[in-house]
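Commentary on secondary and tertiary structure
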Amino acid sequence: MTVGSAPPTPAAPGTDPARPPLAPGGAPLLGHAWNLLRDPLGFLTRLRDGGDVVRLRLGPRTAYAVCDPELVATLLKSPDFLVGGPLWETMGVLLGKGVATSNGPLHRRQRRAIQPAFRMDRIHAYATVMEEEARAMAARWTDGQTVDIAAEVFRTATRVVARSVLHIESVDERADRLSAALHTVFEGLYRRMILSFGPLYRLPTPANRRFENALADLHRLVDEIIAERRASGSNPGDLLGALLDDRDENGETVNEQEVHDQVVSLVVAGAENVAKTLTWVFQLLAEHPEQERRLHAEVESVTEGEPVAFGHLKELAYMRNLLTESMRIRPAVWILTRLAVVDTTLGGYRIPAGSDIVYSPLAMQRDPRAFTDHLTFDPDRWLPERAADVTPAAHAPFSVGNRKCPGDHFSMAELALILGTVVARWRLVPTPETDGSPRIGITLQPRRALLRVEARQGS
């Protein structure tokens, strides 16, 4: 039996699966969608008090929230549940039928097409671009300047994915357009996920117009990128070239829409998720000067004053632990959904076919049953002698099974190179305008990550 085909947890022998309990709270008409709009992080975290699986009412829909990390691991490995549900239905307007949203044979073929681009031997080549872009960002700042760190790292992450795996050099103006478009789209997508009232989003309100304009601009950008490559007639052996040459199950070149959707999926994953993670890392370091001091000391010791490079990463143990802990306590991806495709059970509860399943990586990663001092930012919890006590299922930032992110090593190298480059040269400190509380969207980031950069002596 493979990891991708583990069975769901059966009910006890001789018993009929029970219906999960209804979560407390809710409001007329909106149901628990009101809780997810008003206080989503607190609501999802408190759900564990009602049981391992609880029912939610999201407007006219019923969903099932899975709150136990081991049950979430079962959910992700079971063929009874596919990528689907409110999140992925909503994300479909952005991602289409790319590798992030597809299932079954289509997903397997798409994954095979992109997997070679993320082999470990390719990461070393990409690292040159990562180093260049990290150093260019750090060089733009001046001592005492206040920077919008979210905008800075998004632009850098966009340029990295564009120049490395897609070989697009003309990204300056496009990076800024992508950043603005994705910011607007992701905020609008969250409202559409929670409140599944389609007619509301066809009204010509200012918010709806902003969303539609940003979404259209994002798709135009991707079409421009693909058209330029086709017009050039070149194929430098990169991921975009592999997508353009991909064949379907009949041996035919895949259609233009699938290529488009694949590129969108890769840009979103490579820019949005990496940028949000880095924004949280810098915000956390600004709030925890002792951890920032330890990280800088390690970088200085390993690099001996040289620019941080890919070859240094294996020696930066504290940095790896700090990144892991940042992704635990402040994950960019905080809510995910699945769809039950057959009548099944989970944790002894009955789950009807067609049911929406909701789970929260943030709630799992802040579960006191899985993590001691669960609300404390403590990179040392990932030291080998302490990490053995962590429930493995409670922290899988790149997912598991056949949905595991194929770009996990790429992302970790990028995160480390950008972080190390900045920390070696700058200290980031909060300003009166800084607001580290989470801003809710499909992904999470600090509400206002405005940090002052202070030059380190000798930099």
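Here the structure is a predicted model, which is why all the values come from computation and not from measurement.

Further remarks concern the nonpolar core. Counting 128 residues, the largest nonpolar core has Leu 94 and Leu 419 as its most contacted members. Top element by residues in this core is helix α11 (residues 256-287). It accounts for 16 residues. Every residue in contact with Leu 419, bar those within four places of it in the chain, is listed here: Leu 278, Val 281, Phe 282, Leu 285, Leu 295, Met 319, Leu 322 and Leu 323. Core analysis: the second largest hydrophobic core is formed by 5 residues, Ala 370, Phe 371, Trp 382 and Ala 394 among them.

Further remarks concern the confidence of the model for the chain. Scored by pLDDT, the chain has a mean of 88; 93% of the residues are at 70 or more. When mean pLDDT is taken per element in the chain, helix α13 (residues 317-329) scores highest with 98 and helix α8 (residues 172-194) scores lowest with 76. The low-confidence segment residues 1-11 (pLDDT under 50) makes 28 contacts with residues lying over four places distant or belonging to another chain.

Let us look at the sheet that holds strand β9 (residues 426-430). Spatial strand order, β4-β12-β9: 3 strands in an open sheet with antiparallel pairing. Where the open sheet ends on each side, the last strands, each with one partner, are β4 (146-148) and β9. Strand after strand, the sheet turns through a mean of 40° between neighbouring axes, direction not considered. Note that β4 and strand β12 (residues 450-455) share 3 bridges and pair antiparallel.

Strand order across the open sheet formed by 5 strands is β1-β2-β8-β5-β3, with mixed pairing between neighbours. Sheet topology places β1 (53-58) and β3 (81-83) at the edges, where each strand pairs with a single neighbour. Within this sheet the neighbouring strands show an average axis-to-axis angle of 35°, counted without direction. In this sheet, strand β8 (residues 356-359) lies alongside strand β2 (residues 61-66) in parallel orientation, the contact comprising 3 bridges. For Tyr 64, the partnering residue across the bridge sits in β8 and is Ile 357. Packing against the sheet, helix α4 (residues 86-95) makes contact with β2, β3, β5 (336-340) and β8, and its axis sits at approximately 105° to β5.

Moving on, we come to the pattern of salt bridges. Counted under the stated rule, the structure contains 25 salt bridges. Its salt-bridge partner being Asp 367, residue Arg 48 comes within 3.7 Å of it at the nearest N-O pair. One end of the pair, Arg 48, is in the loop between α2 (40-46) and β1; the other, Asp 367, is in the loop between α14 (361-365) and α15 (384-387), with 319 residues separating them in the sequence. The burial state of Arg 48 is the same as that of Asp 367; both residues are buried. Between Arg 61 and Asp 356 there is a salt bridge, and its shortest N-O distance comes to 2.7 Å.

Here is what the cut-offs are and how they apply
Residues numbered from 1 in each chain as written. Predicted model: local features only at pLDDT ≥ 70, side-chain atom pairs only at ≥ 80, totals over all residues. Heavy atoms only, no water. Core = buried A, V, L, I, M, F, W, Y, C linked by side-chain atoms within 4.5 Å. Buried < 20%, exposed > 50% of the residue type's maximum accessible area, 1.4 Å probe, protein only. Helix = DSSP H or I, 4+ residues; strand = E, 2+ residues; numbered from the N terminus. Contact = heavy atoms within 4.5 Å. pLDDT = per-residue confidence, 0-100. Pairing = 2+ DSSP bridges. Axes fitted to C-alpha atoms, helices over the stretch in contact; angles between N-to-C directions. Salt bridge = Lys/Arg side-chain N within 4 Å of Asp/Glu carboxyl O.

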